[in-house]
Amino acid sequence: MKIVFLDRDGVISIFTPNDYIKKWEEFKFIPEGIDGLKILNDAGYKVIIISNQAGVNKGLFTINDLNEITENMLKELKNKGVNNILKVYYCIHTKEENCECRKPKTGLFKKAEQDFGKIEFSKTYFIGDADIDIIAGKNVGTNTILVLTGKTKSKKEIELWEAKPDYIFDNLKEAAEFIVKKGRENGKI
Ligand SMILES: [Mg+2]
Ligand SMILES: [Zn+2]
């Protein structure tokens, strides 16, 4: 199974600085995010979403709000021909709770492995928009891709990061095109 791990906010949907997407009405797709998902879908890649949503345990929105966002997101994507999302995993804990699942920790990746069987992380990618995504990917051993549609706006910001992404693309569409092309070159398709 060909798997790509994705962050949600800033990759598929708009990133809101210093705020959370608290209800479905606030959720907006990034157009290239949908394009990228479609490209992965059509090339036979499965997608697992791994997202920190500490706003739940901060009391800013509820699990029900979060589930409603997820259901609507998946429904809209299905309408656009994206049927390849295996599962959406969230960490709802605050940093202070020191859980095992909040990125850059790897608990949610391990959970995916429990749910779907052994994953060769070195053959997968994790695509995110922030430094913690890149650190999380490195911690679990995936290839890491940074997209510039969210928290990180330019390559310049990355100069100060300790963990550098393996690849940087403007958006998920370009990242997906790269993954599919590379997969073909490696004879995986
Ligand atoms: Mg993000
Ligand atoms: Zn957690």
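If you're wondering where the values come from, they're calculated on a predicted model, not measured in any experiment.

Enquirer: Quick question: what am I supposed to make of the environment of Lys173 here?
Expert: Considering the arrangement of structural elements, one finds Lys173 in helix α5 (residues 172-185). Classification of Lys173 by C-beta neighbours within 10 Å gives buried; the count is 21. Residue contacts for Lys173: discarding those within four places in its chain leaves Glu32, Asp35, Gly36 and Ile39.

Enquirer: What's the story with helix α4 (residues 131-140) in this structure? I'm lost.
Expert: Side chains three or four residues apart in an α-helix point the same way, a direct result of the helix having 3.6 residues per turn. Of the residues making up α4, those classed as buried are Asp131, Asp133, Ile134, Ala136, Gly137 and Val140. In this fold, the buried residues of α4 make contact with α3 (107-116), β4 (125-128) and β5 (143-147). The first or second residue beyond α4 is Gly141, which carries a positive phi of 100 degrees.

Enquirer: Hey, could you run me through the pairing of strand β3 (residues 85-91) in this one?
Expert: Working note: regular strand, side chains alternate between the two faces of the sheet. Bridge count between strand β2 (residues 46-52) and β3: six bridges; the pairing is parallel. Counted as the bridge partner of Ile49 is Val88 from β3. Crossover connection from β2 via helix α2 (residues 63-79) to parallel β3: handedness right-handed.

Enquirer: For this particular structure, what's the right way to read the packing of helix α1 (residues 31-42) against α5?
Expert: The description of two packed helices rests on the angle between their axes and on the distance between the axes. For the pair α1 and α5, interaxial distance at closest approach is 7 Å and the crossing angle is 20 degrees. Here α1 lies roughly parallel to α5, going by the angle between them. The hand of the α1/α5 crossing is left-handed. Here Glu32, Gly33, Asp35, Gly36, Ile39 and Leu40 of α1 come into contact with α5, specifically with Leu172, Lys173, Ala175, Ala176, Glu177, Ile179 and Val180. Taken together, the residues that form the contact of α1 with α5 break down as seven nonpolar, two polar and four charged.

Enquirer: Help me understand the pairing of β4, please; the structure alone is not making it clear to me.
Expert: Alternating positions in β4 separate into two faces, Tyr125 and Ile127 on one and Phe126 and Gly128 on the other, with burial throughout. In this structure, strand β1 (residues 3-6) lies alongside β4, joined through three bridges in parallel fashion. Within β4, the residue paired with Val4 across the bridge is Tyr125. Pairing between β4 and β5: four bridges, direction parallel. Its bridge partner lying in β5, Gly128 is registered against Leu146.

Enquirer: What is the right way to look at the environment of Ile34 in this model?
Expert: Assignment of secondary structure puts Ile34 in helix α1. Ile34 sits 43 residues away from Leu77 along the chain, and the two C-alpha atoms are 7.4 Å apart. In contact with Ile34, not counting residues within four places along its chain, are Phe29 and Lys80.

Reading the values: rules and limits
Residues numbered from 1 in each chain as written. Chains lettered and ligands numbered in written order. Predicted model: local features only at pLDDT ≥ 70, side-chain atom pairs only at ≥ 80, totals over all residues. Helix = DSSP H or I, 4+ residues; strand = E, 2+ residues; numbered from the N terminus. Buried ≥ 20, exposed ≤ 12 C-beta atoms within 10 Å, placed from the backbone. Contact = placed C-beta atoms within 7 Å. Pairing = 2+ DSSP bridges. Right-handed = clockwise from strand over helix to strand, strands pointing away. Axes fitted to C-alpha atoms, helices over the stretch in contact; angles between N-to-C directions. Parallel < 35°, antiparallel > 145°, perpendicular 65-115°, else oblique. Left-handed = near helix turned anticlockwise from the far one by under 90°. Nonpolar A, V, L, I, M, F, W, Y, C, P; charged D, E, K, R; others polar.

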